[in-house]
Structure formats: structure tokens, C-alpha cells
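What follows is each chain in one-letter form.
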Amino acid sequence: MAAARTPGSQTSSGPTPGSTGAGGDGSSPRRAVVVGGNRIPFARSGGPYVRASNQDMLTAALDGLVARFGLAGERVGEVAAGAVLKHSKDFNLARESVLGSALSPETPAYDVQQACATGMETVVGLTNKIRLGQIESGIAGGVDSTSDAPIVVSDALRTILLDLSRAKTPQQKLKAVSRIRPGHLAPSAPTTGEPRTGLSMGEHQALTTAAMGITREAQDELAAASHHRLAAAYDDGFFDDLLTPYRGLTRDANLRADTSVEKLAKLKPVFGKHLETPATMTAGNSTPLSDGASTVLLASDAWAAERGLPVLATVVDVEAGAVDFAHGRDGLLMAGAHAVPRLLARNGLSLQDFDYYEIHEAFAATVLCNLAIWESEEYCRERLGLDGALGSIDRSKLNVHGSSLAAGHPFAATGGRIVATLAKQLTAKGPGSRGLISVCAAGGQAVVAILEAA
Amino acid sequence: MRTPEVEVVELDAVPALGGLYARGVAGSARAAAARRRTVRPDDLPATELLVRGVRAEVEHLSTYQHLLGETGQDALPAGFVHVLAFPVATALMVRPGFPLPLLGMVHVANQVEQRRAVRLDEEMDLRVRAQDLHAHRSGVTVDLVAEAWVEEELVWTGTSTYLAKGHHLAPHSASTDPTPLPSPDNLVSEPQGALGTRGSDTRSEEGAGRAPTGQWRLGGEVGRRYAAVSGDQNPIHTSALAAKAFGFPRAIAHGMYTAARALADVGPARGEAFVWHVQFAKPVVLPSTVAVRVARADGEAEGFSFEAWSPRSGRTHLTGGVSPSS
């Protein structure tokens, strides 16, 4: 599959004659593969990355990837990355991070933002460019800091300050300043509230959790499994080639290897406390605010072969979804459940045709609600327009190395963590093995993807 | 130049700079009272100060990286290691028997050879000695040499050349320093003429063929911010009033701040093993905008050169470069 190419030809941006597809012959485009990934351990908000900016963390993750795959000084086709919580100074975050990294300064980069699906969408954009032959290699990434989050002044004060900056005479300036009231000075920190509903993400999920009848026990079980599986993966050395220590952290700070269903059962609910049904969502079965960054190296087969780099998995196909949560029709975080059947149909697959499932654990209940939807004859018929239920999945194939409940969830960094983790699992599983990813996002959105062992 | 019988004095910890300055001021006053302005080459005590197990702190590192425009990696910037070693060098200069007064010393040049970057989680042994008294047109220079060792491996060597003005070296010593140092009227503590606006006559001479690749907009707070992160609280950098007492119109930027900004401007392309050298000329008066040029070395040479100057007067603030070392 990989065609030999002459050194230096990576600078050509067009399709390679020796590689599959991509020519003008009308055949389907060539494939785009995951070569590997690198992230820094995820920290809890206010932890060891408290003074680290988005750019600091993304650059650290990027440089770890560069070191791992010998890319120092290389011009990579393109870098796409993003953050959800962004300072206005972060407007060109990806490019600035490239300039601070060991990559060639001639590597272009662009920013992406699709809430918690940002990391997934960077993979989508770059793999499409690789498939079309526009680039030979790309680095997808994401980063978020809840510790170094932007604080903005109130809209009223902002208006006055802008007027002040336009004022020319001392009288005009004095007049502008005199409009400032003490109440204007309270800073506004970003929240996880949905702009259209005013409900936080947790409160939205609590509505869906209650509607689907997901129990506290089931959520705590899923959370405990996430911690135990992530801890086991660390102990087995699974993350040795997926992670670079940073600021003294060598493992995800949120990981509690010794947690248990019993311990989690003692926590008080924090979401859904004012619904008619008992509240079930706690700090233990919800993801914590976190800081961190991740990167994924993507390439054409030829590019990887030229450098003697491994090829872990193919990004087969992707689908984005969105639901009408604002009118209460669907749950805010259920778009993945809607997008998956479309992705399956396009690829002629059933829900059971996978060796691994990676469903982002925004909340334990998010995963459980997704599964419940696919198992529901009624929901699948009425809301998804299917002939019947998609059915259930083998839970032993779900989030096998733990997920966001244990690792933490620096919003834009989660997609990269999942893609790199799944790609490595698929390689270990062997040729033909297949994995399904679903990552939900604010605004009632989700990005889902199919990966296959390369 | 080191005598064979070096006396190694081990300190328990990196000393606090505040106390050292107090001693430095007192020592300088004593020296002034004694009026012993002539030093002999063998006046430098063969003393090496040693502090073991020095570790960078995360917050200190992040603050430095953000202030200087370095990326927030776990590798310590070469200028940050200088900051860690600076109090030890100062401690050496305020010891009884050190022949030159701390007060009024002018940083004229700095060279760092970094064999590899020190990482945040590594412990360093810092060794500092003074060597090479040289005669200079307007005084005597001395090299403060700091070394950072990580487990028996020398990873970083910084040589800071300071000028004690008004001193002179006893005649039987080595001849005048062959390396070109800034001419006396360009030196930090002699601002007359050079710091005013009447530098335009030199613009054509110094500014010829010099196109900037960037600029530093340095606010009035830059001296205080670098003082906070480096511990170098010399009032000529933090207070306009104190700076006036020393003949400057306003506070001036730390030389090492400008040197480290230039190093950050070269960026990751400098690699990890390099020699970074700087010659300081005119001090940067705060606030001001400084024109900067970073350029790849010409021809066979590898690495980068840099230069910073005043776009208004054309007078040079610093020149230097970074070249890879094996």
C-alpha cells in the first residue's frame, strides 16, 4: 500500500502517483492513517498546571510528539488544534504553538473550535485533506485550561472602556469614566451554562438521566470501571508511548486507582437536585474540570513508510450530529446517539460490528443514556427513523482503558486522547479490528468516527 | 587561570539576594573609604562557591517563561539557569577579600555554553568562581563563571563579565583585554551624551544596512517585573528616582532581560546545545520601543545573530548570537 518515494518529495502538496486513489481517476480517495499520539498527563483544575497557558501545554504536547517521531525541523503538512476556553490573545493558538515547537517554522496551522468535539474535528479536517492528497501529514491537537481560564469584564464595563478608548478630549474621557459603577467591576468567568437554556451541562444531563431512568448504581459502576481500567493501563505501560510527563505530573491527576462503587456511593449528588426523581449525578460520576493537551500524528501511508514510522489505524469515516435540545426534544449530550446510526448505514455496518467502543464520559450517565437509546425500540423508531433498535453492545468492549471520568476532560484535548488510545488498541488487536468513537459537545452536538486497524 | 589550590566553600542553599545587597553596599562603602583602586591579578581569591541540589520551582519557571516570551516547556531556558545561579555569583562578590566593589559594577558581556537543557525535575549543583581580571580602558573587568552540573555532568556554563569602573590593574599583569568591549561612553553607568536624543549623528554609521525583524515594546514596569523574577533588585532597574541618582534619565532594563528576550526571539531553532553570547552597549531606558534584528548566520557559519537598538537614536543596545555546539 505504501509507495516508495524519493526523499524531499514530501514538500510536494499534490497527490502522489504511487499512492492509492487520489488521482483524477474518479476512484475513492486514498486512506489517512493514525501514526501515533502524544499528550501530557491531565491535571485537575488549580493543580500543577495552574500557571500553564493553553499555548504552553499545547506546545509541550506537540514537542513530545515531535521528539517521539523524529520530526524536529520537519515541515508537517498542517497542524490543526483548538481550545474551548480561549483568551482573545489565543486567536492563532495552533500557529503560535507551532512556532514555539521544534517543528519547522514553515509548518502552517489553523485553529478549530467545536466545543468538546474540537479535538475530534481537528482529526476530521486533517484526515480529509490527507485523503484528498492536499497534505501528506498533519498533526491534530487540542488543549484546555480551566485553571488559566479567561476572565472578562462585564459587558457594561467593556462598553464604557471602549468608549473611553475612543474619547479624544479630557471632558469626553471624564464622562466615560464617570459612568463606571461598582457593580460593573465584578469579573465574569466562563461557565458551562448553555447560552440558550441557562442550564449547566450537568443540569442538562440530569434531565436526560432522569428521563431515561438511569440509576445511581449504574453510573457509579461505570465510573469505578473507568478508574480501574485507566489505572491498569498505566500499570501495564500502555501509555508509555502516548504520554510525556509535564510539570512534575506523570499520570492523570484525577485517577483514583483505589476508588470503588462503595466509595462513590457516599458522594452527595450535585446535579438534578430539584427534579421530581431522586438526584443521581455526583462529582464522582461526572468529569472534573481539568487542564491538559493532546496531539495525534496523521499521515498518508507513503509519508509514514518513507520515515519508517508505524501505521496504527485508518480513520475510515466520520459524522457530525446535532440535536434540538433547546426545545426539550432531545437531551443536550445525545447527538452522538443520533449520528452513529447514519455513520453505520453509510458504511454498511451494524452497531455490533466493532471490537471497541470509545464513548466520551462527559458524565457516566451520558454513556449510559447513549446505550439506552440504542437499545430502545421506541426511540430508534420514532426519533432516529430506524426500523428497530440498534441493540446493545458488549460492555467489556467499552472504554477498555478508561475514559474521561478517570483521566479528566480538558475539553478540546479529549478527542486526541481517544483517537490515539483507540488507534493503539486496534493495532494490538490486529488487522481488521474496528472501533467506534462518539464525543458529545456543548450546543447539542457530537462527532462520531470509525477507526480500523491499519 | 585557576590556581591549583581552589578553596571550595559549600553553602546550604542559594542565598537570598536581599541580604547580599546589604553586604555589597557596606563592602562597597568600605572599599570606597579605603580608596584602594589598584588591584593585582592575584587578588582574586581562589574560592569556589558550591550549592548542591538546586531545583527550579514550577511557578518561578512559568513566570520567567511568560515574561521573556519563552514557551512553557519543562526544559529550563538558558537565561533561567543564569537567574538561579545569579545569587551565588553575588554571594561570591560580597565575600571579604573580593577585590572589586559590588556597587556600580557594570555587566558588559555574557556568554553561556549550554551542552543540553536542564529539565524541571533535575537537581543541579551550582559552582561559581571568579577569574580573569583584565585591564579595561575605564576600569577592570572580572569574569564570574557559574557552572550547572547534573549528576557529575557539566550541562551549563555561564560567564558574566563585569566592569568595575575607576579601578586599574597593577602593571605587571596581562595586557589590556584583547576582546573588543564597548567603549567607555557606551557603558551603563556613564549615560552622559549617549542616552539623550542627540544620537542622530551616529545613526547613519551604526544603523547602516540594519533592517529590524521585530521590536520590543517595553513598558515602565519591565524592570520591576524582571527584578521580581530574577531577584536582581538593583534600584536602577526598578525606580526612576534611583536611576536618576546614578545618572540615568529613568529606570533601565536589566541587560540579561534584553539578552534573554533576544534568545527567545531566536526560539526553538537554537536547538538545545548552543553557545549564546551577548555584548551589552547602551542601556535600554524604560519605557521604550527597541528595534530588534534576528538573522541566520551568513555563509558556512551556523546559528543566528541578533542585535537590538534604539530606532530613534540608532544607538546599539546589544549585539550577540546563538550558535550550535556539539
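Residues numbered from 1 in each chain as written. Chains lettered and ligands numbered in written order. Predicted model: local features only at pLDDT ≥ 70, side-chain atom pairs only at ≥ 80, totals over all residues. Heavy atoms only, no water.

1. Looking at the sheet that holds strand 13 (residues 316–324) of chain B
Residues and elements named next belong to chain B.
Thought 1: The mixed open sheet is built from eleven strands, whose spatial order is 1-3-5-6-7-4-10-13-12-11-9. Two strands in the sheet have a free side with no partner beyond their single neighbour: strand 1 (7–11) and strand 9 (214–218). Adjacent strand axes in the sheet meet at a mean angle of 20° when their direction is disregarded.
Thought 2: As paired elements, strand 1 and strand 3 (residues 47–54) share five bridges and run parallel to each other. Following the sheet pairing, E7 is matched in strand 3 by T47.
Thought 3: On the sheet, helix 3 (residues 78–93) packs against strand 3, strand 4 (106–114), strand 5 (124–136), strand 6 (139–150), strand 7 (153–165) and strand 10 (274–280) and is oriented at approximately 70° with respect to strand 5. (Pairing = 2+ DSSP bridges. Helix = DSSP H or I, 4+ residues; strand = E, 2+ residues; numbered from the N terminus. Axes fitted to C-alpha atoms, helices over the stretch in contact; angles between N-to-C directions. Contact = heavy atoms within 4.5 Å.)

2. A closer look at the packing of aromatic side chains
Residue and element names in this part refer to chain A.
Thought 1: For the structure on display, the rule yields seven aromatic pairs over all chains.
Thought 2: Measuring from ring centre to ring centre gives 5.2 Å for F238 and F239, while their planes differ by 90°; the resulting arrangement is edge-to-face. Each member of the pair, F238 as well as F239, is classed as buried.
Thought 3: An aromatic cluster is present here, built from Y234, F238 and F239 joined pairwise through their rings.
Thought 4: The ring of F238 carries K424 above its face, with NZ or CZ at 4.5 Å from the centroid. (Phe/Tyr/Trp six-rings, centres within 6.5 Å; stacked < 30°, edge-to-face > 60°. Buried < 20%, exposed > 50% of the residue type's maximum accessible area, 1.4 Å probe, protein only. Lys NZ or Arg CZ within 6 Å of the ring centre and 35° of its normal.)

3. A short note on the interface of chain B and chain A
Thought 1: Opposite the twelve residues of chain B that make contact, chain A presents 15 residues.
Thought 2: Carbon and sulfur atoms supply 45% of the area buried between chain B and chain A, which totals about 1100 Å² over both sides.
Thought 3: Taken together, chain B and chain A are joined by two salt bridges.
Thought 4: A salt bridge links E59(B) to R51(A); the nearest nitrogen and oxygen atoms lie 3.3 Å apart.
Thought 5: By residue class, the composition of the side of chain B that touches chain A is four nonpolar, six polar and two charged. (Buried area = accessible area lost by both parts, 1.4 Å probe. Salt bridge = Lys/Arg side-chain N within 4 Å of Asp/Glu carboxyl O. Nonpolar A, V, L, I, M, F, W, Y, C, P; charged D, E, K, R; others polar.)

4. Things to note about the UniProt feature "domain: MaoC-like" (unreviewed entry) in chain B
Thought 1: With numbering aligned to this structure, UniProt lists the feature "domain: MaoC-like" (unreviewed entry) at residues 224–298 of chain B.
Thought 2: Helix makes up 39% of residues 224–298 of chain B and strand 21%, whereas the separation of the span's terminal C-alpha atoms amounts to 37 Å. (UniProt positions renumbered as here; feature names shortened; annotations may be inferred.)

5. As for the packing of helix 2 (residues 58–68) of chain B against helix 3 of chain B
Residues and elements named next belong to chain B.
Thought 1: The interhelical angle for the contact between helix 2 and helix 3, taken along N-to-C directions, is 125°, at an axis separation of 10 Å. By the criterion of interaxial angle, the relationship of helix 2 to helix 3 is oblique. Two packed elements cross with a definite hand, and for helix 2 against helix 3 that hand is right-handed. Of helix 3, the residues touching helix 2 (which contributes H60, L61 and Y64) are G79, F80, V83 and L84.
Thought 2: Grouping the constituent residues of the contact of helix 2 with helix 3 by class yields five nonpolar, two polar and no charged. (Parallel < 35°, antiparallel > 145°, perpendicular 65-115°, else oblique. Left-handed = near helix turned anticlockwise from the far one by under 90°.)

6. As for the nonpolar core
Thought 1: Judged by nonpolar contacts, the single largest core of 79 residues is most densely connected at V142(B), L144(B) and W276(B).
Thought 2: Per element, the largest residue contribution to this core is twelve residues, and it comes from helix 3 of chain B.
Thought 3: Each of domain 1 (1–170) and domain 2 (182–326) of chain B gives at least three residues to this core.
Thought 4: Dropping the residues within four chain positions of it, V142(B) is found in contact with L44(B), F98(B), L100(B), M105(B), A130(B), Q131(B), D132(B), L133(B), S160(B), T161(B) and Y162(B).
Thought 5: Within the second largest apolar cluster, 51 residues are counted, among which are V112(A), I130(A), A149(A) and V296(A). (Core = buried A, V, L, I, M, F, W, Y, C linked by side-chain atoms within 4.5 Å. Domains from an automatic or database assignment.)

7. Re the pattern of salt bridges
Where side chains of opposite charge bring their charged atoms close, a pairing between them can arise.
Residue and element names in this part refer to chain A.
Thought 1: The tally for this structure, following the rule as stated, stands at 31 salt bridges over all chains.
Thought 2: Note that R307 is salt-bridged to E306, the shortest N-O span being 3.1 Å.
Thought 3: Look at R307 and you get partly exposed, because its relative accessible area is 22%.
Thought 4: Look at E306 and you get partly exposed, because its relative accessible area is 28%.
Thought 5: One continuous salt-bridge network, built from bridges that share partners, spans D317, E319, R342 and R346.

8. Some points on the domain arrangement of chain B
Residues and elements named next belong to chain B.
Thought 1: Each domain of chain B was delimited in the assignment, giving domain 1 (1–170) and domain 2 (182–326).
Thought 2: Taken residue by residue, the interface counts 31 residues in domain 1 and 32 residues in domain 2.
Thought 3: Together, the buried faces of domain 1 and domain 2 total about 2800 Å²; carbon and sulfur atoms form 61% of this surface.
Thought 4: Connecting domain 1 to domain 2 are one salt bridge.
Thought 5: We note a salt bridge from E70 to R270, for which the minimum N-O separation is 2.8 Å.
Thought 6: One can count eight residue pairs in polar contact (both at pLDDT 80 or more) joining domain 1 with domain 2.
Thought 7: Taken together, the elements giving at least two residues each to the side of domain 1 that touches domain 2 come down to helix 1 (17–34), helix 2, helix 3, strand 4 and strand 7.
Thought 8: Sorting elements by how many residues they give to the side of domain 1 that touches domain 2 places strand 4 first, with nine residues.
Thought 9: Here the side of domain 1 that touches domain 2 is composed, by residue class, of 14 nonpolar, eleven polar and six charged. (Polar contact = N/O pair within 3.5 Å; in protein donor to acceptor, adjacent residues only side chain to side chain.)

9. Observations concerning the environment of S62(B)
Thought 1: Within the secondary structure, S62(B) sits in helix 2.
Thought 2: Under the relative-accessibility criterion, S62(B) is labelled buried at 1%.
Thought 3: Placed 102 residues apart in sequence, S62(B) and A164(B) show a C-alpha to C-alpha distance of 34 Å.
Thought 4: In this structure S62(B) touches R51(A) and R247(A), once residues within four positions along its chain are discounted.
Thought 5: A polar side-chain atom of S62(B) sits 3.3 Å from a polar atom in the side chain of R247(A).

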